[in-house]
Amino acid sequence: MMLCTALVFFMHLGFSFLEIGLTRQKNTINILFKNFFIISAGLVLYALIGFNLMYPASFWNGILPDYFVGLFGLESPIGKEGLDLAYNEGYTYWTDFLFQGMFAATAATIVSGAVAERAKLGSFFVFSILLIGLAYPLVGSWKWGGGFLDEWGFYDFAGSTLVHSVGGWAALLYIMKLGARIGKFDKDGKARAIPGHNLPFAAAGVLILWLGWFGFNGGSVLSADPGLTSLVLTTTSIAAAAGGLAAAGFVHIVYKNFDLTMFMNGILGGLVSITAGADLMGITDAILIGASGGVIVVLAVSLLDKLKLDDPVGAVAVHLGTGIWGTLAVGLFGSSASTDQFLIQLTGVGIVAAFCITFSWVVLTLIEKIWGLRVVREEELDGLDQAEHGGMTAYADFRMNQH
Amino acid sequence: MMLCTALVFFMHLGFSFLEIGLTRQKNTINILFKNFFIISAGLVLYALIGFNLMYPASFWNGILPDYFVGLFGLESPIGKEGLDLAYNEGYTYWTDFLFQGMFAATAATIVSGAVAERAKLGSFFVFSILLIGLAYPLVGSWKWGGGFLDEWGFYDFAGSTLVHSVGGWAALLYIMKLGARIGKFDKDGKARAIPGHNLPFAAAGVLILWLGWFGFNGGSVLSADPGLTSLVLTTTSIAAAAGGLAAAGFVHIVYKNFDLTMFMNGILGGLVSITAGADLMGITDAILIGASGGVIVVLAVSLLDKLKLDDPVGAVAVHLGTGIWGTLAVGLFGSSASTDQFLIQLTGVGIVAAFCITFSWVVLTLIEKIWGLRVVREEELDGLDQAEHGGMTAYADFRMNQH
Amino acid sequence: MMLCTALVFFMHLGFSFLEIGLTRQKNTINILFKNFFIISAGLVLYALIGFNLMYPASFWNGILPDYFVGLFGLESPIGKEGLDLAYNEGYTYWTDFLFQGMFAATAATIVSGAVAERAKLGSFFVFSILLIGLAYPLVGSWKWGGGFLDEWGFYDFAGSTLVHSVGGWAALLYIMKLGARIGKFDKDGKARAIPGHNLPFAAAGVLILWLGWFGFNGGSVLSADPGLTSLVLTTTSIAAAAGGLAAAGFVHIVYKNFDLTMFMNGILGGLVSITAGADLMGITDAILIGASGGVIVVLAVSLLDKLKLDDPVGAVAVHLGTGIWGTLAVGLFGSSASTDQFLIQLTGVGIVAAFCITFSWVVLTLIEKIWGLRVVREEELDGLDQAEHGGMTAYADFRMNQH
Amino acid sequence: MKKIDAIIRKSKFHEVRQALHDVNVYFFSYWDVTGVGHEKKEHLYRGVAYSSSDIQRRYLSIVVNNDFVEKTVHAILEAAKTGEVGDGKIFVTPVEDAYRIRTGESGNLTLK
Amino acid sequence: MKKIDAIIRKSKFHEVRQALHDVNVYFFSYWDVTGVGHEKKEHLYRGVAYSSSDIQRRYLSIVVNNDFVEKTVHAILEAAKTGEVGDGKIFVTPVEDAYRIRTGESGNLTLK
Amino acid sequence: MKKIDAIIRKSKFHEVRQALHDVNVYFFSYWDVTGVGHEKKEHLYRGVAYSSSDIQRRYLSIVVNNDFVEKTVHAILEAAKTGEVGDGKIFVTPVEDAYRIRTGESGNLTLK
Ligand SMILES: Nc1ncnc2c1ncn2[C@@H]1O[C@H](COP(=O)(O)OP(=O)(O)O)[C@@H](O)[C@H]1O
Ligand SMILES: Nc1ncnc2c1ncn2[C@@H]1O[C@H](COP(=O)(O)OP(=O)(O)O)[C@@H](O)[C@H]1O
Ligand SMILES: Nc1ncnc2c1ncn2[C@@H]1O[C@H](COP(=O)(O)OP(=O)(O)O)[C@@H](O)[C@H]1O
């Protein structure tokens, strides 16, 4: 369990690698800074506020955790318990906190990828703080904290909806408000490619994420039961593999081409898809869910291009698209499949969507008013490393192409 | 155990990094695609066919697993058991499957490194599917599935022969059929250097592989016995260290030079060498076996150059050369050492060699006839990323030298 | 526990990445070679000498381990025990050896970073052998081996002093003797920047180190007690996060700039700070200790610049500066805080300082006399890869800037 | 024939390219160089602030027939200008002969 | 003295180098540039297909004495040719003086 | 106006730059090229020893007014010299016109 936490932590390297790999070198420092900030601030914030918000003792009308109503002190609420640990074999209060804190940061990282290369650093920080500190734990409390979604029977094993689509919706709203990077769409509105500058990093990122998912899903068993954990790891891996193969195969048929980036996104799509029901599925289910997830990612990427939305790393396609799919799939495949379950899943997806869209829209509009969301044109062209990081260059000894 | 599986999975990042690091940038996408394919297809294939083939209930004449004779259905054979898990502390049916599936993919990855920069992608896929789906589990069943090699007393703890030399033989045959890369040998047949384009990646790959070996060998204890597992980790690490030092020292004496790439290959040589008997050796044995492994790698690399065989990453030298050495070493060092054991080991090595050579030769000849093994000259010169991956470049923002 | 060993091993990739990332490309091979040597030689050496030296049966006058006085044979002292293992759940003789061996190598790696880009390889090897083989285990034995520091009640949970400041003092003495890199200070003695060539590697190194610290501190619990281990992981992570935020925030206030490299060093500073008392602190303590550590690193980096000492990766600032701070913090925060404890901590720091300074000074003076410490001017300008590694280049296919 | 070498800001490249296109100059070669000149840029690295006059620029090399020189130069002059120090320079040098490798032909027609 | 600048396909570099060697031209400098011209290359990235006329090429710069110009140009013309659009160009420009830094000498003999 | 192209050792760049500064040449552009010439370097890679005459060098391109040519050349000649084979070359070529993009002005004064 503690090692699962380590693996989930390691996912942040995966996200960083994926994100810098798929963007241009002139924004590399900026992206790394962003990711370092998210993980650091996420942990501290989650310790100070989020954890108690998400796992409250009681609810106000079943919606707002009481913690939120009552205490909002500066003194860290955890820490009080001291070493009075109630654990059941390998699973303690502290482990739980750390594991959940890493999850919280993940939601913000998803947004980070989508808004890369043009978002103002300070404004993004404000948004992620609110996302990690408020929106994520609030939504999380509805299900994992024992709130109304949990009571209704909504099922989300390790966060297809609670983590991935929360991040995904926020990302979608953010890129809608933000607009596309300069050069992403030509005058006629046709999408153009802005190739990532370091695909080996991106590939490493995907493999590290896959590894981290062992911890993400494996750890969500929340016990060291070897039978269930090993089943979860197996379905997780099989879905990832199927997602990658399906995405690459699908692109190969359409474009007659072996497209590495789609293979990568397909793997991630497979992983997100299986996350909601990893403990309920058999091998064949996992293959089907993962493969569909892979295809969905490919279609979603094209769809975004058509909508003139610019998501450099495919975060919306992966986390939102297959996050929804994975949540619904719990009602379609595996041991819980039933029309009822499907409808509950759908309702859950809808409620979370409504909340996240509203939350993001309000917060982003406010931030836009106060500080603005986007850097100015020259800064974007020069690269954010130049503008916001004192001209530090990521690869000082290399000759670069700039575009 | 489950975390060992995670570590073995992570080895695939190690292999990818090593392979792209030691080759030219113009084939980077191609190599990454290949590795993503192997791990994904490997898992799915192993789920559908390989696992049952390798751990059959019974054998036909003690050679062909009965599974092979009987069932060959499309429906996934595992999955049937459902959640009826028979495990002994931390070790379940599913864990076993996943762990073995990762091993299977490893055998194909070895081949991938050797044939890099000139092999046709599609043909390579066909070959790896057959290797992972048929050859590897068949050989594996002879020993780990309880077949005749096991009955004879052949010992191979974690696969010096069953994994590494299976991959190594296939790689050797493949590069013999394939021919050297353009420019590897000059008109007089003298070997020339084609330097790898990113040695930090290669170095990271080696360290990741070393880490992964903790899972590879540690997990092969197949139980969570801390005494034995920790001994295995110690001998594994010591052998790796000794292999690296020996290889680097040996090269330093011959060429008066600190050669990083040989240090790296020496470490891998030490790791492969100890793999067959990691649980039987003491510290001094591990040092001797590892160090010899390191020297063998250096000699094998030169030998291949002399034979005009071109193996960009040294896969044959590492996995075949020291795979054989490690298997034989079980008869020479440690608690099982005896002339009898040595002869049994030798026989095992011979039988596996005979099978793998025949298998690879037949399959490769067929593939060559039908699709051809090698890309055309222009594609090789332009780089496979251009030819097979729609001109995607691995490092879009960097100025490159091409050669 | 064994997986903690694996994580500590993985830190060596972290150190390598950090070090090559923050230096120039022309010395990359050299740095990698150095790190491979340290980990390999460290393990073998520690097996042959260090382990018995550090955990002796008895002491001569409570200072020199008896082992040192008595046995110094060539035959590996461990290995004798064979498989006669006395372990208490998940913790064996072998695990212990491996875990400690990885620690020992860490001390030398710290030095490696500080002396990068100008130290003679051979001379550095001699120094690290003596450091790993003698100085580190000797100091270690005083506390962890049950020596006089332990008797006095000195507390150092996972090595703020015993590992980090031992490495830090050695690094400081080494760079004082060695002098700054050509171009680091201009004619007027003003510090100039020599930007690192691959910040994504450096960032990955930091995240890998953070991950490794889970093993470093988590494993130092020396048992699988989930309560204590999870507390340790939590304080470790929180301190790291606080250190990074504090460092970045502090720099932002002073320079109006988001400085990624300082964020990274701040994280490391937070980690080293918490290392001495990770099991004694609460959340709030961890935040305070980590944040102070972050600020100390920033100040220490400037201080070194002012003293005209050149430490390319900030090893002295991180490991020595916050190593001392962390050790003292045990007397100021958390459950052991008291004036007495503080004074004991101070004495401990002082004694280790005195010993390390003397040891390093003597050894370095001798090495300087015999072989010299520094490469000649031309070799430094051309880069050590050219001079000592047969002109191997780290990035053969990339166009580089050289400076 | 003349060779027109222009050293411009990287961020102006797309505009210059478009401007060349508009005056029917479709052929050229470019690479990145480091320019040393009046302009200075501030940098900060690990607490050391420094300013450098070494700035990455793009070098365009365009060989044109004599009747194209003027409009090419003007196109660049306009498109590459920001008015701030550091906009760069254009140099015109004589070219004696030109060959198209594909056909082996030489002279003015190779530039069409 | 003349300067011969040749812009060729990267994949033809080894042949051109050999051809120069064969006509006793042992000295030159080269670097990689992006060429803009007739030739287009198809690319595909994350589902977006695009074609670009920016193609990586190698730029060779060779200063030779006047009596070497012809054979140098011919060597390149032959070795660099594939006959497909995009083979590149050769430009010949005048050079007034040359110095060998090692010896300080100037004039024709520096090119031998 | 003349263009002075100098191909020098990378390790001499800082000295050359200083020397140019000392004779009041503050403007130039540089990039890295691969030089092919007399000098050879030994390499070793995975047990294969080879020597290559392809050596990384720095290419400086400086356009100066006629009265600056001599001192510029001499500054480089002195600062870049080691006396070993491979010190590099300097070439002087004619320039017909120069423009400063920022102001649009042309002629000698653009180089001041
Ligand atoms: N005489 C020259 N020779 C070569 N390159 C030059 C010369 N003068 C200027 N440049 C290039 O032009 C760039 C811009 O020059 P700079 O002096 O900064 O601005 P401005 O041209 O606006 O006065 C320089 O960075 C350099 O690359
Ligand atoms: N006028 C020019 N000035 C500079 N470079 C040129 C010029 N014309 C062509 N080139 C270079 O030559 C390359 C090949 O030219 P292209 O038009 O594609 O083919 P071809 O020469 O066979 O007609 C271009 O990519 C460019 O680098
Ligand atoms: N004729 C030439 N044209 C272009 N570059 C040249 C020429 N001659 C020499 N060079 C450049 O000068 C460098 C040094 O030349 P080399 O023959 O090695 O030494 P030296 O100049 O001391 O005789 C070469 O690597 C090459 O880059």
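Let me begin by describing the structure that accompanies this report. (Residues numbered from 1 in each chain as written. Chains lettered and ligands numbered in written order. Predicted model: local features only at pLDDT ≥ 70, side-chain atom pairs only at ≥ 80, totals over all residues. Heavy atoms only, no water.)

### Side note on the overall build of chain D
The criterion, for reference: The secondary structure listing takes helices from DSSP runs of H or I that are at least 4 residues long and strands from runs of E that are at least 2 residues long, numbered from the N terminus. It is over C-alpha atoms that the radius of gyration is taken, and the globule rule equals 2.2 Å times the number of residues to the power 0.38. Exposure is judged per residue with a 1.4 Å probe applied to protein chains only, and the accessible area is read against the type maximum: over 50% gives exposed, under 20% gives buried, and values in between give partly exposed.
Assigned secondary structure in chain D consists of two helices and five strands. Ordered by position in the sequence, the α and β elements of chain D form the string β-α-β-β-α-β-β. Here the C-alpha atoms of chain D give a radius of gyration of 17 Å, more than 25% beyond the 13 Å that 2.2 N^0.38 yields for 112 residues. Overall, chain D is about 60 × 25 × 20 Å in size when its C-alpha atoms are taken along their principal axes. For chain D, with 112 residues in total, the buried portion stands at 62%.

### Structural notes on the nonpolar core
Across soluble globular proteins, nonpolar side chains have a tendency to be buried as a group. To keep it simple, the criterion reads: The nonpolar core is taken to be a set of buried Ala, Val, Leu, Ile, Met, Phe, Trp, Tyr and Cys residues, with the residues joined through side-chain atoms within 4.5 Å.
One finds A:F127, A:W210, B:F127, B:W210, C:F127 and C:W210 to be the most contacted residues of the largest nonpolar core, which totals 451 residues. Grouped together as the second largest cluster of nonpolar side chains are 30 residues, D:V63, E:V63, F:Y59 and F:V95 included.

### A look at the relation of the copies chain E and chain F
The condition that has to hold: Alignment of copies: least-squares fit on C-alpha atoms of residues with pLDDT of at least 70 in both copies. The contact criterion used is simple: two residues touch if any of their non-hydrogen atoms lie within 4.5 Å.
Overlaying chain E with chain F gives an RMSD of 0.0 Å, the required rotation being 120° about an axis along which the chain moves by 0.0 Å. Here the two chains are linked by the operation of a three-fold rotation axis. Among all residues of chain E, the one whose C-alpha sits closest to the rotation axis is E:P94, at a distance of 4.3 Å. When the interface residues of chain E are mapped onto chain F, a mere 9% of them again lie at the interface, so each copy presents a different face.

### Some thoughts on the relation of the copies chain C and chain A
Each copy superposes on the other: chain C lies on chain A with an RMSD of 0.0 Å after a rotation of 120° and an axial shift of 0.0 Å. Here only 12% of the interface residues in chain C have copies in chain A that are interface residues too; the copies meet through unlike faces.

### Structural notes on the interface of chain C and chain A
By convention, interface size is frequently given as the accessible area that disappears when the constituent parts associate. What counts is decided by this rule: Throughout, the accessible surface (probe 1.4 Å) given up by two parts as they are put together, summed over both, is called the buried area. Gly counts as polar in this scheme, as do all residues outside two lists: the nonpolar Ala, Val, Leu, Ile, Met, Phe, Trp, Tyr, Cys and Pro, and the charged Asp, Glu, Lys and Arg.
Listed per partner, the contact involves 52 residues of chain C and 50 residues of chain A. Roughly 4300 Å² of surface becomes buried between chain C and chain A when both sides are summed, with 81% attributable to carbon and sulfur atoms. Take the side of chain C that touches chain A: its biggest share by element is 14 residues, from helix α9 (residues 226-255) of chain C. Looking at the side of chain C that touches chain A, its residues break down into 34 nonpolar, 14 polar and four charged.

### Topic: the site of ligand 2
As a reminder of what qualifies: Working definition: residue near molecule or strand if any one of its non-hydrogen atoms lies within 4 Å of it. Two N or O atoms count as a polar contact when they lie within 3.5 Å, although within protein this holds only if one can serve as hydrogen donor and the other as acceptor, and sequence-adjacent residues are included solely when both atoms are side-chain atoms. To be clear on the numbers: accessible area is Shrake-Rupley with a 1.4 Å probe, and residue cover counts the displayed protein chains and nothing else.
Taken together, the neighbourhood of ligand 2 is formed by 22 residues, with D:S29, D:V63, D:R102, E:R57 and E:G86 sitting nearest. Residues near ligand 2 are shared among chains D and E, making this a multi-chain site. Within the backbone of E:H38, a nitrogen or oxygen atom sits 2.9 Å from an oxygen atom of ligand 2. Taking E:R57, its side chain carries an N or O atom lying 2.8 Å from an oxygen atom of ligand 2. Burial of ligand 2 by the protein chains amounts to 99% of its free accessible area of 550 Å². Within the residue set of the shell around ligand 2, elements represented by two or more residues are β2 (28-45) and β3 (48-64) of chain D together with β2 (28-45) and β4 (89-94) of chain E. When grouped by side-chain class, the residues that make up the shell around ligand 2 number nine nonpolar, seven polar and six charged.

### Some details on the site of ligand 3
As a structural note, the neighbourhood of ligand 3 is formed by 22 residues, with E:S29, E:V63, E:R102, F:R57 and F:G86 the closest of them. Among the chains of the assembly, those with residues near ligand 3 are chains E and F. Breaking the shell around ligand 3 down by element, the ones donating at least two residues are β2 and β3 (48-64) of chain E together with β2 (28-45) and β4 (89-94) of chain F. The element contributing the most residues to the shell around ligand 3 is β2(F), with five residues. For the shell around ligand 3, the per-class residue count stands at nine nonpolar, seven polar and six charged.

### Focus on the interface of chain E and chain F
In plain terms, the rule: Salt bridge, as applied in this entry: a Lys or Arg side-chain nitrogen positioned within 4 Å of an Asp or Glu carboxyl oxygen.
The interface is formed by 23 residues belonging to chain E together with 32 residues belonging to chain F. Of the roughly 2300 Å² buried between chain E and chain F on both sides combined, carbon and sulfur atoms contribute 59%. Between chain E and chain F we count three salt bridges in total. Between F:D54 and E:R17 there is a salt bridge; the shortest N-O distance is 2.4 Å.

### Quick word on the pairing of strand β1 (residues 2-9) of chain E
Residues and elements named next belong to chain E. The following threshold applies: Strand pairing requires that DSSP identify at least two bridges connecting the strands.
The buried count for β1 comes to eight of eight residues, which makes it a mostly enclosed element. In the sheet, β1 pairs with β3 via eight bridges, with the strands oriented antiparallel. When the sheet's bridge partners are listed, A6 is paired in β3 with L60. Note that β1 and β4 share six bridges and pair antiparallel. When the sheet's bridge partners are listed, D5 is paired in β4 with F91.

### Remarks on the pattern of salt bridges
Tallied over the entire structure, the rule returns 52 salt bridges over all chains. Put simply, D:R58 and D:D32 hold a salt bridge, and the shortest N to O gap is 2.8 Å. Here the residue D:R58 occupies a position in strand β3, and D:D32 occupies one in strand β2, the gap between them amounting to 26 residues. Taking the relative accessible area as the measure of exposure, D:D32 reaches 3% and is therefore buried. Connected through shared salt-bridge partners, A:R24, A:E117, A:R181 and A:D310 make up one network.

### As for the environment of C:D279
All names here are of chain C. Relative to the helices and strands, D279 resides in the loop between α10 (260-275) and α11 (283-306). In this structure, the C-alpha to C-alpha distance between D279 and T235, residues 44 residues apart in sequence, is 7.8 Å. Aside from chain neighbours lying at most four places away, what touches D279 is Y155, F157, L228, L231 and V232. At 2.5 Å, the side chain of D279 and the side chain of Y155 are in polar contact.

### Observations regarding the packing of helix α12 (residues 315-329) of chain A against helix α13 (residues 339-370) of chain A
Residues and elements named next belong to chain A. For clarity, the cut-off: To get an axis, fit a line to the C-alpha atoms, keeping to the stretch in contact for a helix; angles then go from 0 to 180 degrees between the N-to-C directions. By the definition adopted for this analysis, an angle is roughly parallel if under 35 degrees, roughly antiparallel if over 145, roughly perpendicular if from 65 to 115, and oblique otherwise. Crossings are sorted by hand: turned counterclockwise from the far helix by less than a right angle, the near helix makes the crossing left-handed, and turned clockwise it makes it right-handed.
Close contact between α12 and α13 brings their axes to 8 Å; oriented N to C, the two are set at 150°. The orientation of α12 with respect to α13, classified from their angle, is roughly antiparallel. Considering only the axes of α12 and α13, their crossing is right-handed. Facing α12, whose interface residues are I324, T327 and L328, α13 presents F342, Q345, L346 and V349. Tallied by class, the residues present in the contact of α12 with α13 amount to five nonpolar, two polar and no charged.

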